[in-house]
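Fold and geometry: a report
What follows is each chain in one-letter form.
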Amino acid sequence: MGAIQIPLQNGVKFVDGLDGFPAFGVTSEADLKSPFKLILSDHLQDFAIIATVRPQSSSGGWVFSVVNSLDTVVQLGLLLEPTATGDQWNATLYYTDAKKERHSQPLASFQVPYGKSWMKMIFKVLPDQVVFYYNCLEAGVAAVKKEPRKLVFDSASTVYIGQAGPILKRKFEVSAVVVILVL
């Protein structure tokens, strides 16, 4: 949450969070971003991502993203998007070597129920699998080939909250978004 600064910018507000604790509300007007070097290390290997969100619209979007210097490739990110039936969402984790790929690459995807209630998602990323937890219960395991094994970020990458920048867009309106990266 290092990309959110006080005083709050346009499109960001305080809301009641999970268990009544304060959280941030993010609307489509928000433009939350930060140079990745202020928030992340230069690379990731084995890690976990914890995201707690309460969606405000059914359109989904990027919960967070780390985008290359050209704002064209999501190197690391979480995208929520509705399925064709509309009662479920795909929670897709992206993991892309921007030096080799021109398009963002999904690493693993899991279905979660659509709703406007709190969702806590944890992605435990290991060398050959991603373990997914939904509301603190293991909900799936996906075998993956994580290439490269160690993801090195572009030196001018940007971390976005609730979007993937001006080119890739797909803003996500949420009552609250909390993203924690555990190395």
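Under an unreviewed UniProt entry, the protein has the name Laminin G domain-containing protein and belongs to Anopheles stephensi.

**Some details on the pattern of salt bridges**
Across all of its chains, the model carries three salt bridges by this definition. Across the salt bridge formed by Lys 146 and Asp 46, the nearest N and O atoms sit 3.3 Å from each other. You can see Lys 146 sitting in the loop between β12 (137-143) and β13 (151-152) and its partner Asp 46 sitting in the loop between β4 (43-44) and β5 (47-55), a full 100 residues away along the chain. Asp 46 gets classed as partly exposed once you look at its relative accessible area, which sits at 33%. When the shortest N-O distance is used, the salt bridge between Asp 46 and Arg 149 registers 2.8 Å. You can see Asp 46 sitting in the loop between β4 and β5 and its partner Arg 149 sitting in the loop between β12 and β13, a full 103 residues away along the chain. Under the relative-accessibility criterion, Arg 149 is labelled partly exposed at 35%. One salt-bridge network, in which partners are shared between bridges, spans Asp 46, Lys 146 and Arg 149.

**What to know about the sheet that holds strand β8 (residues 88-95)**
Spatial strand order, β3-β14-β6-β7-β8-β9: six strands in an open sheet with antiparallel pairing. Looking along the sheet, the strands with just one partner apiece sit at the ends: β3 (32-35) and β9 (106-113). Taking the axes of each pair of neighbouring strands and ignoring which way they run, one obtains an average angle of 15 degrees across the sheet. Bridge count between β3 and strand β14 (residues 158-161): four bridges; the pairing is antiparallel. Counted as the bridge partner of Pro 35 is Thr 158 from β14.

Cut-offs applied
Residues numbered from 1 in each chain as written. Predicted model: local features only at pLDDT ≥ 70, side-chain atom pairs only at ≥ 80, totals over all residues. Heavy atoms only, no water. Salt bridge = Lys/Arg side-chain N within 4 Å of Asp/Glu carboxyl O. Helix = DSSP H or I, 4+ residues; strand = E, 2+ residues; numbered from the N terminus. Buried < 20%, exposed > 50% of the residue type's maximum accessible area, 1.4 Å probe, protein only. Pairing = 2+ DSSP bridges. Axes fitted to C-alpha atoms, helices over the stretch in contact; angles between N-to-C directions.

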